[in-house]
Amino acid sequence: MTDNPKHSRANFRSSFVAFSIFLVALYWLVVATYPEFFIFNPFDEPSVLRQITLLISIVGWLVIAIVPGLALFAYAAGNSKLIPLLPFAALLWPISVVLNQIVLYARDSVWYFDYLVNSPVFIATDILLPALLIFVWQDLKDREGRHEA
């Protein structure tokens, strides 16, 4: 019996489908694991500045939990129209985290980055995966010859 090389390895399309499913699943599993970190009423905060940064955070995690997976799934199906959204989708969440850290530091004179040590999965969601999405976007942009952010 001979192996057909076409079926012996993943193709480009199936890799993007798998990656898009992984991204969506990972972010929503993290949200399910730490609901108090992601699901809250930003208007419970007395500070308007803090309310704004918390709203940006909510939008940021919703965007990173949905848009990259959708864009990469669509790309696997032959539609590259959402690929230009990848840098925005990848960076909004980590930028919102940094903004919140700055506002909290201004208020409390304490950095709260210890969450990265206490819950290391956030290293993946807040740093590694956004960086990987930028890398993937850069590669796809070069491959397609367009998709400027």
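These remarks concern the structure in this document. (Residues numbered from 1 in each chain as written. Predicted model: local features only at pLDDT ≥ 70, side-chain atom pairs only at ≥ 80, totals over all residues. Heavy atoms only, no water.)

What follows deals with the environment of Val97. Within the element layout of this structure, Val97 appears in helix H5 (residues 86–108). Excluding residues within four positions of it along the chain, Val97 makes contact with Tyr115 and Asp126. (Helix = DSSP H or I, 4+ residues; strand = E, 2+ residues; numbered from the N terminus. Contact = heavy atoms within 4.5 Å.)

Time to look at the nonpolar core. Counting 29 residues, the largest nonpolar core has Leu72, Ile83 and Leu133 as the members making the most contacts within it. Top contributing element to this core by residue count: helix H4 (residues 48–76), with eight residues. (Core = buried A, V, L, I, M, F, W, Y, C linked by side-chain atoms within 4.5 Å. Buried < 20%, exposed > 50% of the residue type's maximum accessible area, 1.4 Å probe, protein only.)

With respect to the helices, strands and loops of the structure, Arg50 is situated in helix H4. Despite its burial, Arg50 pairs with no opposite charge; the closest candidate is Glu45, at 4.1 Å N-O. The contacts of Arg50, once residues within four sequence positions are left out, are Glu45, Asn100, Val103, Leu104 and Arg107. (Lys, Arg positive; Asp, Glu negative; His and termini not counted. Salt bridge = Lys/Arg side-chain N within 4 Å of Asp/Glu carboxyl O.)

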